[in-house]
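One letter stands for each residue in the lines below.
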Amino acid sequence: MVTTGFSRIHVAKYTNNGGTAAYSDVRELSRAKKMETEVNTTDENNFYANNVLAESEPAKFKDGKVKLTVAGLSAEEEAFILGIEVTKTQVNGTEVEEVEYGSNMNPPYLGIGAVKRMQKNGVTSYRAIILPKTRFAIPPEAGETQEENINWQVQELEAVILRDDTAKANWKVIPKTNFATEEEAVAYIVAKLGGKTA
């Protein structure tokens, strides 16, 4: 199958409930543009006997990271993925909600879901991807002034990928068969990440 598109990033708060991965507050993030994972593995462990390779222990997942490119997070979305409490203040007599990046910031563990659009033999299908347990790094702040034409500027996010706390210690989950529509793939993601959108 060839990949022809990417869309619909969702996140949800992750908790370990006695060896069961539990999720809450699932929500869709800013418009999705790109996702890329990098995985670190252990080395293969080979055993030789009688001058030949007799046994081999395959490489296993150790850790990883996921890079997401989005149109741009709202302040509320940044507060959610970075564990920031929204506060209220008065400015010129008007109440303003603020997202304060201070010592109280505590990025939570999150499940991430997204959709890849794929094609084979002229037929389009949609693959749901779940990263069961991740944690976002603080994203950089960037901006560039407009010149003659608009320079469309996006936001780069990065999160560490961990194994979940289930007996299977999953770090990625995908359904065996792709879905016929994007909405079916999204419904699967929402169900896996807590059941209903915030």
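Residues numbered from 1 in each chain as written. Predicted model: local features only at pLDDT ≥ 70, side-chain atom pairs only at ≥ 80, totals over all residues. Heavy atoms only, no water.

*Asks:* So what exactly am I meant to see when it comes to the confidence of the model for the chain here?
*Replies:* Regions with low pLDDT should not have their predicted coordinates read in detail. Mean pLDDT over the chain works out to 92, with 98% of the residues at or above the 70 mark. Averaged over each element, pLDDT in the chain is lowest for strand β7 (residues 86-91) (87) and highest for strand β10 (residues 123-136) (97). (pLDDT = per-residue confidence, 0-100. Helix = DSSP H or I, 4+ residues; strand = E, 2+ residues; numbered from the N terminus.)

*Asks:* Just to check I follow, could you spell out the environment of threonine 37 for this structure?
*Replies:* You can see threonine 37 is positioned in strand β3 (residues 32-41). In this structure, the C-alpha to C-alpha distance between threonine 37 and glycine 83, residues 46 residues apart in sequence, is 23 Å. Beyond its immediate sequence surroundings of up to four residues, threonine 37 is in contact with Lys65, Val66, Leu131 and Ile161. (Contact = heavy atoms within 4.5 Å.)

*Asks:* Before we go on, may I ask you to explain the pattern of salt bridges in this structure?
*Replies:* Pairs may arise between side chains of opposite charge once their charged atoms sit close together. Applying the stated criterion to the full structure yields 10 salt bridges. Arginine 8 is paired through a salt bridge with glutamate 28; the nearest N and O atoms lie 2.8 Å apart. On the criterion of sequence distance, the pair formed by arginine 8 in strand β1 (residues 2-16) and glutamate 28 in strand β2 (residues 21-28) is long-range, its members being 20 residues apart. For glutamate 28, a relative accessible area of 35% puts it in the partly exposed group. Taking the shortest distance from any N to any O, the salt bridge between lysine 133 and aspartate 165 comes out at 3.0 Å. With a gap of 32 residues between them, lysine 133 in strand β10 and aspartate 165 in the loop between β11 (155-162) and α2 (182-192) connect regions that are remote in the sequence. Using a relative accessible area of 30% as the deciding quantity, one classes aspartate 165 as partly exposed. (Salt bridge = Lys/Arg side-chain N within 4 Å of Asp/Glu carboxyl O. Buried < 20%, exposed > 50% of the residue type's maximum accessible area, 1.4 Å probe, protein only.)

*Asks:* Can you walk me through the pairing of strand β5 (residues 52-57) in this structure?
*Replies:* When a strand is regular, its side chains alternate between the sheet's two faces. Two strands pair when backbone bridges link them, and strand β4 (residues 45-49) and β5 are joined in this way by 5 bridges, in the antiparallel orientation. Paired with tyrosine 48 across the bridge in β5 is leucine 53. Between the end of β4 and the start of β5, which pair antiparallel, lie 2 residues, with asparagine 50 showing a positive phi angle near 55°. (Pairing = 2+ DSSP bridges.)

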